[in-house]
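Structural overview
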Amino acid sequence: MASPRPRVEYLAGFCCPLGGLAAGKPRVLCHGAEIFLSTGSELVYVYDREGRLLIAVYKFPGQVWHLELLALRKVLYVLCARSGIYCLSLDQTTRSVSQDEDGGDDQDSEDGQVSEPPVPVIPVDPDSCVLPDTSLHAFTVLDDALITLALGPTQWKMQLFECPSPGEDPRPGGQIGEVELSTCIPPAESQGESAAPRFLPVLCCASPPGSRTPLGHSWSSGGVTLEGALFGLLFGADAALLESPVVLCGLPDGQLCCVIIKTLVTSTSAPGDPKALVKILHHLEEPVVFIGALRTEPLAEDVEDVHCDCLVALGHHGRTLAIKASWDEAGHLVPELREYSVPGPVLCAACDRSSRVYHSTSAGLRVVDLAQEGSPLDSTEHDGAPGSLPPLLYPDSLGVCSLATLCVSSSAPEGGAELLALSAKGRLMICHLDPHDEAPQPSRVTSAKAGQKIKQLLSGIGTVSERVSSLKKAVDQRDKALTCLNEVMNVSCALLSSREGPRPISCTISTAWSRLQLQDVLMATCLLENSSSFSLDRGWALCVQVLRSSRAFDLDSASSAVTYTIPVDQLGPGGRREVTLPLGPGEDGALDLPVTVSCALFYSLREVVGRALAPRDPFKDPPSAECTPVVLPEQDGVCLPLSEHTVDMLQGLRFPSLGVPHTEALGPAKDPIHTFLGNCRVPGSQPAGPESLRAKYLPPSVATIKVSAELLRAALGDSHAGVSLGCATLQWLLTENAAADIVKAQALSSVQGVAPDGTDVHLIIREVTVTDLCPAGPIQAMEIQVESSSLANMCRAHHAIVGRLQRLVVEQAARGSSPPDLRLQYLHQMQANHETLLREVQMLRDRLCTEDEASSCATAQRLLQVYRRLRSPSLLLL
């Protein structure tokens, strides 16, 4: 395309803000020698082109958003922000010229710059407001109708008013039509009362060839006449048969729609569906800044009427839509729609009578030609059938500065164009484009240069493709991470909201003895069950913490907590996962009970979300391990507790005499020297060692607890029916031990087990009678006795029994059970005896620190006797 070289003629300059004029608000119109313009402020200027002088300046109560000129009626309609539409008579400008004729020669400076209005500013009379409406954002005028566009709370609303005849009052008549255009929420900035909207809607009237020409419209104000084929394809048979003008509307959200004027008029008497009145043509997905039409096909010599055969719409960011009537392969007339992309942002645009579209960006004025002509490489080659739109557009720069608004003057020479424009700096100018004065074209491109250019383009395409793939991968990672986080939130809410009752995800812990490498090992089995409707996918892990609580009393020992992390891979609804972990003995051969086993679900943010939180563009940021941002918290995940279980001595006992599987105690690995000496011992001789000596010379350690028989019967209920209360009590104590079923089957009330270190632990349940406690008579009770040659093991078993009884008493108290009447004097006596024993223990312990070895033996024996009495109190659990 040979672009004409423009010739710029500066007329005058007008005041503008420091940063220049904002796009979308300034307007410029031309009628004969008079130019009407607004810079987006509250002033409207009337400039005489021939006399090079300013005729009049009108001041409105707010910003001026739009101008429309009706030359036949000699009126100028002005849309004032948050006020409405004003009407000015063009005769006022003539009177202004006659009043200021004498001083008009010295009103412009040498360079045409106008710093202050050289004529008095005329305030607009409030009575000139012909349509007061604070919600109006755009309007256009036909010769007999006024079409407005108002912004409602959530919708755009088009209204149609009747215009008066020439010579009558310029105020419009009553409303004759109304329709809602869009159910979309308007942009946020357009809803405020104080801030002006950044983008305003665009209205354009399109007429069929046979309709009455809108007299009040010229090319500069947006009225166009379309060919009959294109008009019928775009707006339907109804509009073509009615020969009705159509209002095209471009909204700030990118929607391009149309309304048939005559159907809008009839809708007032018979309201119909707004969807039937409004037709959506396209969506640019960016604010529409221009709607126009042009002629792409050359006219025959005998044709005089010029009708446009192509509709054009431009978006703010450069997306361009062109629609034209074309023929398909079957010979049918179809609309041809093409989308292009031109450099943006587009500040303003205009179409001339030929096939050119002029649009201004921040870099300057550009032009594109929609006629089917060749590219700069070859002006003779083109693809597509004759009459079709070009596949690509090649914008050419005209070398003119950035413009805030422009229009095409009707006084252009044949084949040329004349643009009336207002620059971003506030300078009014005329751009003459003569097709005979063309800019020099580049020489024909050689095949070698074309090949090199193609290689560069292909290399650029490959680079862009790699970048797109990288960004797509980053987007996929973020989408996957968001999906995972949504599942984490669902699981967290399900677990945290079900603290009482069955949990949707649970973990049950059980213990059993097993043999690993000729050593007895107490194993814990954690059964994870997913009863929820959610799936535990990648990133979830089951954390099991084993804490030896006995070490908590040893201040010098290191932390004894061990945490196992087991990844959970695809545990769907209804799924189960079983994990077995060793509890002990440890490397020292000892198993310290009780052991607390805690289970929790852990979701690792670093593994799943870490890469998606800070995706890197390899084309912008070079790979570097040092610049990886730390965006995760220190915890790096979400922890959801599931359950906690305490493994005590009663669960760790083994009963070889009962024939329970895996209960034959091998014990910890022995010292090889002790094993050799034991094998060399003379048959029949007594074994030597601290264990045998303790068993031979020291009596077993004993502890007893008395529990009311009535309390046990109420707690055990019918679950242990058919056996004695002593057997039921023993079975209840060993519920979590593998020997519970054998105790019930053999109806045992006493049993001898083996502790983890190999020493014996004897449990005896007998029925006793407690007298002198209740005035009503003796109380039947069950005495639970623990015997062991190891004082530590006896204390561990005693602690486990006390813990179970404490929970039992609390549960029965919650049910409302009350103890019988007791003798308070007897209770006071037992309390006094107990306190006496405690004081004696303190005295004996102090004496052991000061006595010599000979006298301390008797003190130690007395101390053991007192401890034995303390472990067998006369108190009764009721």
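Residues numbered from 1 in each chain as written. Predicted model: local features only at pLDDT ≥ 70, side-chain atom pairs only at ≥ 80, totals over all residues. Heavy atoms only, no water.

So, about the overall build of the protein. Across its full length, the protein holds 16 helices and 42 strands. Within the span of the protein, comprising 878 residues, buried residues form 44% of the whole. Long-range contacts, defined as pairs at least 24 residues apart, comprise 63% of the intrachain contacts of the protein with a sequence gap of at least 6. Total accessible area on the protein is roughly 45700 Å²; 54% of this is exposed by carbon and sulfur atoms. (Helix = DSSP H or I, 4+ residues; strand = E, 2+ residues; numbered from the N terminus. Buried < 20%, exposed > 50% of the residue type's maximum accessible area, 1.4 Å probe, protein only. Contact = heavy atoms within 4.5 Å. Areas by Shrake-Rupley, 256 points an atom, 1.4 Å probe, with all protein chains shown as cover.)

Another aspect to go through is the pairing of strand 2 (residues 27–31). Here five bridges tie strand 2 to strand 3 (residues 34–38), and the two strands are oriented antiparallel to one another. Note on strand 3: the bridge partner recorded for Val28 is Leu37. Counting the residues that bridge the hairpin from strand 2 to strand 3 gives two residues, and of these Gly32 lies at a positive phi of roughly 65°. (Pairing = 2+ DSSP bridges.)

To continue, consider the sheet that holds strand 39 (residues 750–754). Where strands meet in a sheet, backbone hydrogen bonds hold them as pairs that are either parallel or antiparallel. Taken in spatial order, the five strands of this open sheet run 39-40-41-38-42, and their pairing is mixed. The open sheet has two edge strands, strand 39 and strand 42 (876–877), and neither has a second partner. Bridge count for strand 40 (residues 760–770) against strand 41 (residues 779–788) is ten bridges, and the pairing is antiparallel. Residue Val768 lies in a different strand from strand 41, and its bridge partner there is Ala781. Across the sheet, helix 12 (residues 725–733) lies against strand 39, strand 40 and strand 41, angled at about 140° from strand 40, the strand it touches most. Here helix 14 (residues 791–814) sits on the sheet in contact with strand 38 (701–708), strand 40, strand 41 and strand 42, set at roughly 10° to strand 38. (Axes fitted to C-alpha atoms, helices over the stretch in contact; angles between N-to-C directions.)

Moving on: the packing of aromatic side chains. All told, the structure shown has four aromatic pairs when counted by the stated rule. Relative to Phe235, the ring of Phe231 lies with its centre 4.9 Å away and its plane at 70°, an arrangement referred to as edge-to-face. With Phe231 and Phe235 both in helix 2 (residues 228–242) and four residues apart, this pair spans about one turn of that helix. Both residues of the pair, Phe231 and Phe235, belong to the buried class. For Arg427, the ring lying beneath its charged end belongs to Tyr10, and the centroid distance is 4.2 Å. One residue, Arg654, lies across the ring of Trp513, its end atom 4.2 Å from the ring centre. (Phe/Tyr/Trp six-rings, centres within 6.5 Å; stacked < 30°, edge-to-face > 60°. Lys NZ or Arg CZ within 6 Å of the ring centre and 35° of its normal.)

What follows concerns a nonpolar patch on the surface. A contiguous nonpolar patch, built from Ile454, Leu458 and Ile461 and spanning about 310 Å² of accessible area, is present on the exposed surface. Structurally, Ile454 is set in helix 5 (residues 447–496). (Patch = residues over 30% accessible without salt bridge, like charges linked within 9 Å, V, L, I, M, F, W, Y side chains within 5 Å. Salt bridge = Lys/Arg side-chain N within 4 Å of Asp/Glu carboxyl O.)

Turning our eyes to something else, we now look at the environment of Val367. Structurally, Val367 can be placed in strand 26 (residues 364–369). Distance from Val367 to Leu393, taken between C-alpha atoms, is 9.7 Å for residues 26 residues apart in sequence.

Before going further, it helps to examine helix 16 (residues 853–870). For helix 16, built from 18 residues, the straight-helix expectation of 26 Å at 1.5 Å per residue is met to within 8% by its first-to-last C-alpha distance of 25 Å. Residues of helix 16 that are buried include every one of Ser856, Thr859, Leu863, Val866 and Leu870, and no others. All buried residues of helix 16 lie within an arc of 75° about the axis, which places them on one face of the element. (Expected span 1.5 Å × (residues − 1). Arc of directions from axis to C-beta.)

Remark: helix 11 (residues 709–716) packs on helix 14, axes separated minimally by 10 Å, with the N-to-C direction vectors making an angle of 75°. Between helix 11 and helix 14, the angle is such that the two are roughly perpendicular. Residues Leu711, Leu712, Ala714 and Ala715 of helix 11 touch helix 14, and the partners they reach there are Leu808, Val809 and Gln812. (Parallel < 35°, antiparallel > 145°, perpendicular 65-115°, else oblique.)

This part covers the nonpolar core. With 69 residues, the main nonpolar core has Leu528, Trp540, Leu542, Leu601, Leu763 and Ile801 as its most contacted residues. For this core, the two domains that each supply at least three residues are domain 1 (505–614 + 631–647) and domain 2 (696–815 + 822–871). Excluding anything up to four places from it in sequence, Ile801 contacts Leu650, Ile705, Leu733, Leu763, Ile784 and Val786. In this structure, Ala206, Phe231, Phe235 and Leu256 belong to the second largest nonpolar core, which totals 26 residues. (Core = buried A, V, L, I, M, F, W, Y, C linked by side-chain atoms within 4.5 Å. Domains from an automatic or database assignment.)

A few words now on the environment of Phe199. Checked against the element boundaries, Phe199 lands in the loop between strand 14 (175–182) and strand 15 (202–207). Classification of Phe199 as buried rests on a relative accessible area of 16%. Taking C-alpha positions, Phe199 is 7.8 Å from Val289, a pair spaced 90 residues apart along the chain. If near-sequence neighbours (up to four positions away) are discounted, Phe199 is found in contact with Pro252, Pro287 and His316.

A word on the pattern of salt bridges. If you walk through the whole model with that rule in mind, you get 19 salt bridges. For Asp309, the salt bridge goes to Arg295, with nearest N and O atoms at 4.0 Å. A residue pair is termed long-range when its members are at least 10 positions apart, and Asp309 in the loop between strand 20 (288–294) and strand 21 (310–315) and Arg295 in the loop between strand 20 and strand 21 qualify at 14 residues. Each member of the pair Asp309 and Arg295 is classed as buried. The partner of Arg766 in a salt bridge is Glu783, and the shortest N-O contact between them spans 2.8 Å. Of this pair, Arg766 sits in strand 40 while Glu783 is found in strand 41, placing the two residues 17 residues apart along the sequence. On the basis of relative accessibility, which here comes to 32%, the residue Arg766 falls in the partly exposed class. When salt bridges that share partners are traced, they join Glu227, Arg295 and Asp309 into one network.

For the rest of this paragraph, the subject is the sheet that holds strand 27 (residues 396–397). The sheet built from four strands is open, its strands ordered 24-25-26-27 with antiparallel pairing. Both outer strands of the open sheet, strand 24 (348–351) and strand 27, are each paired with one neighbouring strand and no more. Across four bridges, strand 24 lies against strand 25 (residues 356–361) in antiparallel orientation. Bridge pairing in strand 25 places Ala349 opposite His359.

Glancing now at the environment of Gly250. The topology assignment puts Gly250 in strand 17 (residues 246–250). Separated by 64 residues in the primary sequence, Gly250 and Leu314 have C-alpha atoms spaced 9.4 Å apart. Not counting residues up to four positions away in its chain, the partners in contact with Gly250 are Pro201, Val202, Gln255, Leu256, Val288 and Ile291.

For the protein, mean pLDDT is 78; residues scoring 70 or higher make up 76% of the total. In the predicted structure, residues 213–220 sits below a pLDDT of 50 and forms 23 contacts with residues beyond four places in sequence or in another chain. Counting interchain partners and residues more than four positions distant, the pLDDT-below-50 stretch residues 617–634 has 16 contacts. (pLDDT = per-residue confidence, 0-100.)

Compared with the 21 Å implied by 1.5 Å per residue over 15 residues, the 12 Å span of helix 2 between its first and last C-alpha is markedly short. Where helix 2 bends most, the angle comes to about 130°, and this point is Gly236. Buried within helix 2 we find Leu230, Phe231, Leu234, Phe235 and Ala239. Looking at the buried residues of helix 2, the elements they touch are strand 15, strand 17, strand 18 (255–260), strand 19 (278–283), strand 21 and strand 22 (319–327). Once helix 2 finishes, Glu243 follows within two positions and takes phi at roughly 50°, a positive value. (Bend = angle between axes of the 7 residues up to and from the residue.)

Turning our attention to unusual backbone geometry. A negative phi angle is the norm for most residues apart from glycine, just as the trans form is the norm for most peptide bonds. Look at the link from Gly344 to Pro345: it is a cis peptide, with omega at -5°. Considering the arrangement of structural elements, one finds Pro345 in the loop between strand 23 (333–341) and strand 24. A cis amide bond links Leu593 to the next residue, Pro594, at an omega of 5°. Counting through the fold element by element, Pro594 comes out in the loop between strand 35 (576–584) and strand 36 (595–604). Backbone geometry places Arg52, a non-glycine residue, at a positive phi of 55°. Structurally, Arg52 is set in the loop between strand 4 (43–48) and strand 5 (53–59). Look at Ala747: it is not a glycine, yet its phi comes out positive at around 50°. For Ala747, the position within the fold is in the loop between helix 13 (740–746) and strand 39.

Burial analysis of strand 8 (residues 84–89) places five of its six residues in the buried class, the great majority of the element. Across six bridges, the pairing between strand 7 (residues 75–80) and strand 8 is antiparallel. The partner of Leu79 across the bridge, within strand 8, is Ile85. Counted along the chain from strand 7 to the antiparallel partner strand 8, the turn is three residues long, and its residue Arg82 has a positive phi close to 55°. Relative to strand 10 (residues 129–132), strand 8 runs antiparallel, the two sharing three bridges. In the sheet register, Tyr86 faces strand 10, and the bridge partner there is Cys129.

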